[in-house]
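Observations on the three-dimensional arrangement
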Amino acid sequence: MTEYGAVARVLSSGYLIDAKAFELISKLPPEVDLEGLAERLLRLKEETSGQAKVVTEEDVIKVLPADSVVVQREDPVGSSEPSELEVVSDPTPAIAPAEAYEGFNRLFRDRYTRLASIVRERLDAKSLTSVSGAKGVVAGKKVRLSGLLSARNNRRSKVEVTVDDPTGTLKVLCQDEMVARSAMQAPLDSMVVMEISRSRAGQLYASSLLLPDVPSRKPIGSSRRVYAVLLSDLHIGSRMFLADDFRRFLQWLNGEMGEKDVVNRVKYLVIAGDLVDGVGVYPGQEFQLSEKDPKKQYQIAADLLKMVPNHIQIIISPGNHDAVRQALPQPAVSPDLAESLYGLENVRWVGDPSYVKLHGVMFLIYHGKSMDDVIATTPDLSYHKPTDAMKLLLRSRHLAPTYGKRTALSPELRDFLVIDPVPDVMHSGHVHTYGELSHRGTLLVNSGTWQGQTNFQSNMGIEPTPSIVPVVDLSTLKVMRRNFSSAGFTS
Ligand code: D5M
Ligand code: ZN
Ligand code: FE
């Protein structure tokens, strides 16, 4: 008798078998007498009549012969298991920049309003005052203030900060060493919350300075054990694109290097920008290109991504080398330029940044251009530890807080760069160094690159760590790494 026979028998007696119970029965070793099992199940259910007429996994475990069976908690996933992609937020259809001056006013108003409401949610709203309210604080009293950190000046060991909100501007002195340090580490133009008091001489002092941050959460994993593979910065079309390493990765993904138990679970491949090297991105780039036509660069990308098994859903967002505008948010690359990729059924383009849910797990995909700014302006941050820069952005609840540096912003009606909701996984690239870190339940991954070191990076002292692939188990948010560099395949 097959397990279906056993199931049919229980069903025909007026009981339903739930999914987990069914799965367990179907995994039992062949020596288990299913006929006997079905009999015992029926007896068990009859004895406990009055309860729901559903056979659960617990019921099955109760009637299993005690000695013969090890209950497998394995969750086999075959390549036929479908992916579940939901695009939660994508700037592409919403992009409609307003006139520059009025546009930026509106953009910053939206940024302020949304960050202020995040802060109110995180802290007791009643205890927060505005800049104009804080101006009136009398000597000996403390108030809590939220506002944008518009300037900071380091004066010997003290730091003077300027905070703005729609009610005005205020200068506050950070004298305490820890508070001064927090002031130097907060990105310029980010939302901060400060506790301030006035001295008898009339000077305002900060006794704390905090970023909005994210609440501590338990990661929410997928119910099925499926994996997402994260990539970025392939730079196809560059002479430095590591084609051999990438082909090795594609072979692995096709199960040609074994590890079928791993690759069968891969349901998603997420590319966080710089799929191609583009053209005219920096002076003299033409000498570094093996392919100078952007359409052809995307054609090569399509020829490679065609080799990704069809059941794997590919999600691509652009970066500063892709054939779209540089200003954030970036829309998806258009079908005119990336026709070949739009032709692949399993490819979904989104803008930069975007939120997508993969098997219910919320991903924030962001290329990471603003990391250049926070790394340049924040002590202790470096290109070697990209996840520290990502963590600072997450704690600021904004992907590009600092205005007027190297990251161009577009004056949209809505600020797509505010980090809300809190993602389960934040995936970036851009800096070309691999990194992973967990912050208060959010997994941060920088997926490195597939481009060797360029002359420019060598002059800047940037040492890329290419061809390392993070594989995220969506049920646990744990990361496995695979290295496809020429030094050899290591797991
Ligand atoms: O950027 C790859 C890495 O190289 C990233 O860490 C920034 C750095 N980079 C690249 N171009 C520049 C310029 N012009 N100035 C400063 N830093 C740079 P990618 O965007 O992939 O080329
Ligand atoms: Zn790049
Ligand atoms: Fe980049």
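Note that the structure is a prediction, hence the values are computed from the model and not measured. (Residues numbered from 1 in each chain as written. Chains lettered and ligands numbered in written order. Predicted model: local features only at pLDDT ≥ 70, side-chain atom pairs only at ≥ 80, totals over all residues. Heavy atoms only, no water.)

Some details on the coordination of the zinc ion (ligand 2)
Rules: A donor here means any N, O or S atom no more than 2.8 Å from the metal (3.2 Å for Na, K and Ca); water is not included, so a site may seem to lack partners. Using a 1.4 Å probe on the protein chains alone, a residue whose accessible area is under 20% of its type maximum counts as buried, one over 50% counts as exposed, and one in between counts as partly exposed.
Asp233 (OD), His235 (NE2), Asp274 (OD) and His432 (NE2) make up the full set of protein donors to the zinc ion (ligand 2), lying at 2.0 to 2.3 Å. Considered as a linear motif, the donors of the zinc ion (ligand 2) on their single chain read D-x1-H-x38-D-x157-H. The iron ion (ligand 3) is placed at 2.9 Å from the zinc ion (ligand 2), the two being bridged by Asp274. For the pair shown, Asp233 and His235 are each scored as buried.

Some details on the environment of Ala228
Here is the rule we go by: Secondary structure follows DSSP: runs of H or I at least 4 residues long count as helices, runs of E at least 2 residues long count as strands, and numbering of each begins at the N terminus. Contacts are assigned to residue pairs that have any heavy atoms within 4.5 Å of one another.
With respect to the helices and strands, the residue Ala228 is situated in strand E10 (residues 227–231). Through-space distance from the C-alpha of Ala228 to that of Val270 is 7.2 Å; in sequence the pair is 42 residues apart. Dropping the residues within four chain positions of it, Ala228 is found in contact with Tyr268, Leu358, Phe363, Pro470, Val471, Val472 and Leu474.

Considerations on the sheet that holds strand E18 (residues 442–447)
Put simply, the rule reads: The pairing criterion for strands is at least two bridges between them, as found by DSSP. Where helices are involved, their axes are fitted lines through C-alpha atoms of the stretch in contact, as for all axes, and angles between N-to-C directions lie from 0 to 180°.
With mixed pairing, the six strands of this open sheet are ordered in space as E3-E14-E15-E16-E18-E17. Every interior strand has two partners, whereas the edge strands, strand E3 (85–89) and strand E17 (434–439), have only one. Across the sheet, the mean angle separating the axes of adjacent strands is 20 degrees when strand polarity is ignored. The pairing of E17 with E18 spans six bridges and is antiparallel. By the bridge assignment for E18, Leu437 is matched with Leu444.

Notes on the site of ligand 1
The following threshold applies: Put simply, a residue is near a molecule or strand once any heavy atom of it comes within 4 Å of that molecule or strand. Throughout this description, a polar contact denotes any pair of N or O atoms lying within 3.5 Å of each other; where both atoms belong to protein, one of them has to be capable of donating a hydrogen while the other can accept it, and for residues adjacent in sequence the pair is counted only when both atoms sit in side chains. Throughout this entry, Asp, Glu, Lys and Arg are counted as charged residues, while Ala, Val, Leu, Ile, Met, Phe, Trp, Tyr, Cys and Pro are counted as nonpolar. The remaining residues, Gly among them, count as polar.
Around ligand 1 sit 15 residues, and of these Asn320, His321, Arg406, His430 and His432 come closest. The separation between an oxygen atom of ligand 1 and a polar side-chain atom of Asp274 is 3.0 Å. Residue His432 places a side-chain N or O atom 2.8 Å away from an oxygen atom belonging to ligand 1. Here the shell around ligand 1 takes three residues from helix H14 (residues 455–460), the largest share from any one element. Grouping the amino acids of the shell around ligand 1 by side-chain chemistry returns five nonpolar, six polar and four charged.

So, the pattern of salt bridges
Should their charged atoms come close, side chains of opposite charge can pair. This is how it is decided: Take a side-chain nitrogen of Lys or Arg and a carboxyl oxygen of Asp or Glu: if they are within 4 Å of each other, that pair is a salt bridge.
Tallied over the entire structure, the rule returns 19 salt bridges. For the salt bridge of Asp372 with Arg406, the shortest nitrogen-to-oxygen distance reads 3.4 Å. Taken together, the positions of Asp372 in helix H12 (residues 371–377) and Arg406 in the loop between helix H13 (386–396) and strand E16 (425–428) put the pair 34 residues apart, joining distant regions of the chain. Between Arg397 and Asp420 there is a salt bridge, with its nearest N and O atoms 3.7 Å apart. Of this pair, Arg397 sits in the loop between H13 and E16 while Asp420 sits in the loop between H13 and E16, placing them 23 residues apart in sequence. Exposure remark for Arg397: the relative accessible area of 3% places this residue in the buried category. Three or more residues joined by partner-sharing salt bridges are found here, namely Lys369, Asp372 and Arg406.

Quick word on the pairing of E10
Counting buried positions along E10 yields five of five residues, so the element is predominantly enclosed. In E10, alternate side chains face the same way, and those of Tyr227, Val229 and Leu231 on one face and Ala228 and Leu230 on the other are all buried. Summarising the sheet, E10 and strand E11 (residues 266–272) pair through five bridges and their orientation is parallel. Bridge pairing links Leu231 to Ile271 in E11. In this sheet, strand E19 (residues 468–473) lies alongside E10 in antiparallel orientation, the contact comprising three bridges. Directly across from Ala228, in E19, lies its bridge partner Val472.

Things to note about the sheet that holds strand E12 (residues 313–317)
Taken together, six strands build an open sheet; the order of strands is E13-E12-E11-E10-E19-E20 and the sheet is mixed. Every other strand in the sheet has two partners, leaving strand E13 (347–349) and strand E20 (478–483) as the edge strands with one partner each. Along the sheet, successive strands turn relative to each other by an average axial angle of 25 degrees, direction set aside. Sheet contacts for helix H8 (residues 243–253): E10, E11, E19 and E20; angle to E10, the most-contacted strand, approximately 170 degrees.

Concerning the coordination of the iron ion (ligand 3)
Looking at the metal site, the iron ion (ligand 3) is ligated by Asp274 (OD), Asn320 (OD1), His367 (NE2) and His430 (ND1), spaced 2.2 to 2.3 Å from it. Donor residues for the iron ion (ligand 3), ordered by position in the chain, follow D-x45-N-x46-H-x62-H. For Asn320, a relative accessible area of 9% translates into the label buried.

Notes on helix H5 (residues 100–122)
Inclusion rule: Given a helix with a known number of residues, its expected span is that number minus one, times 1.5 Å.
Its 23 residues place the ends of H5 33 Å apart at the C-alpha level, agreeing with the 33 Å of an ideal helix rising 1.5 Å per residue. When H5 is considered as a whole, its buried residues turn out to be Gly103, Phe104, Leu107, Asp110, Arg111, Tyr112, Arg114, Leu115, Ala116, Ile118 and Val119. In this structure, the buried residues of H5 make contact with strand E4 (128–129), strand E5 (142–155), strand E6 (158–165), strand E8 (191–198) and H13.

Thoughts on the side chain of His359
In this fold, His359 is placed in the loop between strand E14 (354–358) and strand E15 (361–365). Overall, His359 belongs to the buried group, its relative accessible area being 8%. Within the structure, the side chain of His359 is placed 2.6 Å from the side chain of Tyr268, a separation counted as a polar contact. With residues up to four places along the chain from it excluded, the contact list for His359 reads Glu81, Pro82, Ser83, Glu84, Ser222, Arg224, Val226, Lys267, Tyr268 and Leu474.

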